[in-house]
Amino acid sequence: MEAETANATDAYGIPVIPASSDAVRRKRRAIVDAAAAEFLAEGYAAASMDAITSRSGVSKATLYKHFGTKERLFLAAIGGILRETCAGLEPDGSALVEAADLRAALVAVTGDWATVLLRPDIMALRRLVIGEIGRFPQLGRLWYRVTYDMFNGPLVEALAELGRRGRLHVADPELAVRQLVAATVGVPQLVHTFAPGTETDPAELTRVVTSGVDLFLARYAAPQGTSTG
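Residues numbered from 1 in each chain as written. Predicted model: local features only at pLDDT ≥ 70, side-chain atom pairs only at ≥ 80, totals over all residues. Heavy atoms only, no water.

Participant: For this particular structure, what's the right way to read the environment of Ala87?
Facilitator: With respect to the element layout, Ala87 can be found in the loop between helix H5 (70-86) and helix H6 (93-97). Residue classification places Ala87 among the partly exposed positions, given a relative accessible area of 43%. Along the chain, Ala87 and Gly68 lie 19 residues apart, while their C-alpha atoms are 27 Å from each other. (Helix = DSSP H or I, 4+ residues; strand = E, 2+ residues; numbered from the N terminus. Buried < 20%, exposed > 50% of the residue type's maximum accessible area, 1.4 Å probe, protein only.)

Participant: Could you clarify how one ought to interpret helix H4 (residues 60-67) in this entry?
Facilitator: In an α-helix there are 3.6 residues to a turn, and that puts residues three or four apart on one side. Every buried residue belonging to H4 is among Thr62, Leu63, His66 and Phe67, and all of these are buried. An end-on view of H4 places all buried positions within 105° of arc, on one side of the element. Of the residues in H4, the exposed ones pointing more than 90 degrees away from the buried face are Ala61 and Lys65. On its buried face, H4 sits against helix H2 (22-46), helix H3 (49-56) and H5. (Arc of directions from axis to C-beta. Contact = heavy atoms within 4.5 Å.)

Participant: What exactly am I supposed to notice about the packing of aromatic side chains here?
Facilitator: Both the distance between ring centres and the angle between the ring planes are used here to describe each pair of aromatic rings. What the rule picks out here adds up to eight aromatic pairs. Aromatic side chains Phe39 and Tyr44 sit 6.0 Å apart centroid to centroid with 20° between the ring planes, which places their arrangement in the stacked category. Assigned by exposure class, Phe39 and Tyr44 land together as buried. On the basis of an interplanar angle of 35° and a centroid distance of 4.7 Å, the ring pair of Phe74 and Phe136 is categorised as tilted. Of this pair, Phe74 sits in helix H5 while Phe136 sits in the loop between helix H8 (120-132) and helix H9 (137-164); the two residues are 62 residues apart in sequence, bridging distant segments of the chain. An identical accessibility class is assigned to Phe74 and Phe136; each is buried. Members of the aromatic cluster, joined through ring pairs, are Phe39, Tyr44, Phe74 and Phe136. Between Lys70 and the ring centre of Tyr44, over which it is positioned, the NZ or CZ distance is 4.7 Å. Directly above the aromatic system of Tyr220 lies the positively charged group of Arg219, at a separation of 4.6 Å from the ring centroid. (Phe/Tyr/Trp six-rings, centres within 6.5 Å; stacked < 30°, edge-to-face > 60°. Lys NZ or Arg CZ within 6 Å of the ring centre and 35° of its normal.)

Participant: What should I look at first to understand a nonpolar patch on the surface in this one?
Facilitator: Where nonpolar side chains cluster on the molecular surface, the patch consists of Ile130, Leu190 and Phe194 and spans about 320 Å² of accessible area. Mapped onto the elements, Leu190 comes out in helix H11 (residues 186-194). (Patch = residues over 30% accessible without salt bridge, like charges linked within 9 Å, V, L, I, M, F, W, Y side chains within 5 Å. Areas by Shrake-Rupley, 256 points an atom, 1.4 Å probe, with all protein chains shown as cover. Salt bridge = Lys/Arg side-chain N within 4 Å of Asp/Glu carboxyl O.)

Participant: Would you mind going over the environment of Arg119 with me for this structure?
Facilitator: Tracing the backbone shows Arg119 in the loop between helix H7 (102-117) and H8. Expressed as a C-alpha distance, the spacing of Arg119 and Thr200, which sit 81 residues apart in the sequence, is 9.3 Å. A polar contact is formed between the side chain of Arg119 and the side chain of Asp121, at a distance of 2.7 Å. (Polar contact = N/O pair within 3.5 Å; in protein donor to acceptor, adjacent residues only side chain to side chain.)

Participant: Which parts of the structure should I look at to understand H11?
Facilitator: Within H11 the residues assigned to the buried category are Pro188, Gln189, His192 and Thr193. Axial view of H11: buried residues confined to an arc of 135°, hence all on one face. Check the buried side of H11 and you find it contacts H7, H8 and helix H12 (202-220).

Participant: Can you help me understand the environment of Lys65 in this one?
Facilitator: Mapped onto the fold, Lys65 is located in helix H4. Sequence-wise, Lys65 and Val116 are 51 residues apart; in three dimensions their C-alpha atoms are separated by 36 Å.

Spelled out as C-alpha cells, the structure:
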C-alpha cells in the first residue's frame, strides 16, 4: 500500500504528493523549487540530482525519500509550476461581452494575454515541455488541458454569448477562439519559442495583435445594426 501511495499519479500522469505536516511541506517546497530551477536551467538530461540537493539545502536521502526518482521529481516540479504559473492569468471574457467597442476590447484582451505569455519564465517553461514531450508526454497533455481551461475556455464562453447577442456570427465558438488565438497570441509566441532572447517590441506586438483581430472580425463580425444587445 505504501508503495502504491508513493507512486500515485493524477489523471495526467503527474505525481500526487500526499498531504503532510508543515515541516515536511516546507522541505518538499524547497526540493520542488530547487528542482524547477535546475531543470529549467539545464533541461532534464543534464540536470543533476546533486545540484538539486545543493540548491534545496536538504540531504539526498531526504530528496529520494520524498520523490523516489529523477523522473518523478521532474514531473512533480514542472507539472506543479505549470499550474502555478498559469493560475490567475485567465483573459476577462466578461470584458468582451459587455464592451461597447468589441474590436478595441479584443485587441486589449489578446494583447494583454500575449504580453503575459511572452514573459521569460513562461517561455522557458514552454520550451522545456516541448523539448521533453517525447520522454514525458503526460506534460504535453497537462499543458494543453491547463492552458485550454485557463485561457481558451473563458473566450469560448464569451464568443458564444456574443453570438447569442448577435454581435458575432460564430457557429463554432471553440474553432473561432483557436483562430483568434493563432492570429494574435500565436504569432509572437511562435517567434519567441524558437528564438530565445528575442526582445518584445510593444509597438510591433500591438500591430500584430490588431491585425489578427481585424482578420478575425472580417470573418466573424455581424453586420452593423443586427445586434440584439
